[in-house]
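The residues making up each chain are set out below.
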Amino acid sequence: MSARDTMRAVVVERPGGPEVLTVRDVPVPRAQAGQVLVRVHAFGLNRSELHFRRGQASFGSFPRIPGIEAAGVVQDAPGGELSAGTQVVALMGGMGRTIDGGYAQYVLVPAAQAIPFASDLPWDVLGAVPEMLQTAYGTLAVGVRPEPGQSLLIRGGTSSIGLTLAVLGKMRGLTVLSTTRSAARTALLDSVGVDHVLIDDGNIAAQVRQIYPDGVDGAVELVGVNVMRDTLRAVRSGGTVCFTGMLSDQWTIPEFYPIDWLPNGVRLTAYSGDAADLPAPVLQDFLDAVADGRARVPVGRVYTLDEIAQAHTDMEAGTIGGKGVVVL
């Protein structure tokens, strides 16, 4: 097998700690009709990949190349859906779980999972965008559905999704309140336009109601069900809380009594989403806004493929300070 037939990739043979992420040479996948082979230039790091690596994911199999997203250029698309050389992001659709994912020099995905764009932004920025934007955009458009001029609480504001939600919220004309457990991260939230930074002491509802006595119009829960009851109490009657993330790794409620958990009139929904929830025009508009300085991509740290175990260690420790990105 020649060098052109192989690629470097991260392979996980079994669940475990960061040490199970091994970089090795594997065959380059071959595209067939309906598939797109993408030459990966960069990929973002996501907590769902951490859960998969640990064996905590609800689906997926080993051995596997992980990674639920990637950014690069089309290498081959036998069905003609995209031209070779087209810039694309690929995400979701079983990537890194039931099919090999983006932690590699090439990734093979169904054509519907590849979204085209055109941008001169550097690959570390482009690699940070797909899953982060899809989740933040879908959370607002499908989950919370705020109107311009309304208020939005982001619980877990210094996460990459939280930072992107703040950017999109300000672009939509929202007043944004974001939480952090550390006052040292106030400047990070200020840098993406957050209007009110709240230090999370476990009782955010009381802080919110000092600013909005009736509660905020909407909220996004990114921390987990361990704090969601308090988040629900920060929202006005008729408002919506969207459960999107679980930074605390707590996502189930052992005993859920709706009348006790849900304040009168407050709506609770959730968002997970897929590539179909990120239309190509939305991706292009966001990248153009970043290029024009109207939006910001919160890249925390950039790694090489050989640093993947360290990247997961940092992600587990919560020390990246934004979106972790691997550039190939």
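Definitions and limits used
- Residues numbered from 1 in each chain as written.
- Predicted model: local features only at pLDDT ≥ 70, side-chain atom pairs only at ≥ 80, totals over all residues.
- Heavy atoms only, no water.
- Helix = DSSP H or I, 4+ residues; strand = E, 2+ residues; numbered from the N terminus.
- Rg over C-alpha atoms; globule rule 2.2 N^0.38 Å.
- Buried < 20%, exposed > 50% of the residue type's maximum accessible area, 1.4 Å probe, protein only.
- Contact = heavy atoms within 4.5 Å.
- Areas by Shrake-Rupley, 256 points an atom, 1.4 Å probe, with all protein chains shown as cover.
- Lys, Arg positive; Asp, Glu negative; His and termini not counted.
- Charge placed at Lys NZ, Arg CZ, Asp CG, Glu CD.
- Salt bridge = Lys/Arg side-chain N within 4 Å of Asp/Glu carboxyl O.
- Phe/Tyr/Trp six-rings, centres within 6.5 Å; stacked < 30°, edge-to-face > 60°.
- Lys NZ or Arg CZ within 6 Å of the ring centre and 35° of its normal.
- Axes fitted to C-alpha atoms, helices over the stretch in contact; angles between N-to-C directions.
- Parallel < 35°, antiparallel > 145°, perpendicular 65-115°, else oblique.
- Left-handed = near helix turned anticlockwise from the far one by under 90°.
- Nonpolar A, V, L, I, M, F, W, Y, C, P; charged D, E, K, R; others polar.
- Core = buried A, V, L, I, M, F, W, Y, C linked by side-chain atoms within 4.5 Å.

A. How the structure looks around the overall build of the protein chain. From N to C terminus, the protein chain includes 10 helices and 15 strands. Relative to the compact-globule value of 20 Å for 328 residues, the protein chain shows a C-alpha radius of gyration of 20 Å, a close match. Overall, the C-alpha framework of the protein chain stretches about 65 × 40 × 35 Å when taken along its three principal axes. Buried residues in the protein chain amount to 52% of all 328 residues. Pairs at least 24 residues apart make up 69% of the contacts formed inside the protein chain by residues separated by at least 6 positions. Taken as a whole, the protein chain presents about 13600 Å² of accessible surface, with 49% of it coming from carbon and sulfur. Across the protein chain, the mean location of the 26 positive side-chain charges is 2 Å away from that of the 33 negative side-chain charges.

B. A look at the environment of leucine 108. Looking at the secondary structure, you find leucine 108 in strand β6 (residues 106-110). For leucine 108, a relative accessible area of 16% translates into the label buried. With 78 residues separating them in the primary sequence, leucine 108 and threonine 186 have C-alpha atoms 40 Å apart. Aside from chain neighbours lying at most four places away, what touches leucine 108 is Pro29, Arg30, Ala31, Gln35, Val36, Leu37, Ile99 and Asp100.

C. Fine view of the pattern of salt bridges. Tallied over the full model, the rule gives 16 salt bridges. Residues aspartate 306 and arginine 8 are paired through a salt bridge, measuring 2.6 Å at the closest nitrogen-oxygen approach. Here arginine 8 lies in strand β1 (residues 6-11) and aspartate 306 lies in the loop between β14 (299-303) and α10 (308-317), a separation of 298 residues in the sequence. For aspartate 306, a relative accessible area of 54% puts it in the exposed group. The partner of aspartate 314 in a salt bridge is arginine 301, with the nearest N and O atoms 2.8 Å apart.

D. Region of interest: the packing of aromatic side chains. Applying the stated criterion across every chain yields a total of 3 aromatic pairs. Judged by centre distance (4.6 Å) and plane angle (20°), the rings of phenylalanine 52 and phenylalanine 62 are stacked. Separated by 10 residues along the polypeptide, phenylalanine 52 in helix α1 (residues 47-54) and phenylalanine 62 in the loop between α1 and β4 (69-76) bring together distant segments of the chain. Taking the relative accessible area as the measure of exposure, phenylalanine 62 reaches 29% and is therefore partly exposed. Between the NZ or CZ atom of arginine 97 and the centre of the ring of phenylalanine 59, over which it lies, the distance is 5.0 Å. Across the ring face of tryptophan 261, the terminal group of arginine 229 is positioned such that the distance to the ring centre comes to 5.4 Å.

E. Seen up close, the packing of helix α3 (residues 130-144) against helix α4 (residues 160-171). Contact pair α3 / α4: the axes reach a minimum separation of 9 Å and the direction vectors enclose 55°. Regarding the angle of α3 to α4, the classification is oblique. Every pair of crossing elements has a handedness; the one defined by α3 and α4 is right-handed. Along the contact surface, α3 presents Glu131, Met132, Leu133, Thr135, Ala136, Tyr137, Thr139 and Leu140, while α4 presents Ser160, Ile161, Thr164, Leu165, Leu168 and Gly169. When grouped by side-chain class, the residues that make up the contact of α3 with α4 number 8 nonpolar, 5 polar and 1 charged.

F. Seen up close, the nonpolar core. Formed by 47 residues in total, the largest nonpolar core has its most connected members in Leu165, Leu283, Phe286 and Val297. Contributing elements (two or more residues each) for this core: β5 (87-91), β7 (114-117), α2 (123-128), α3, β8 (151-155), α4, α5 (186-191) and α9 (280-291).

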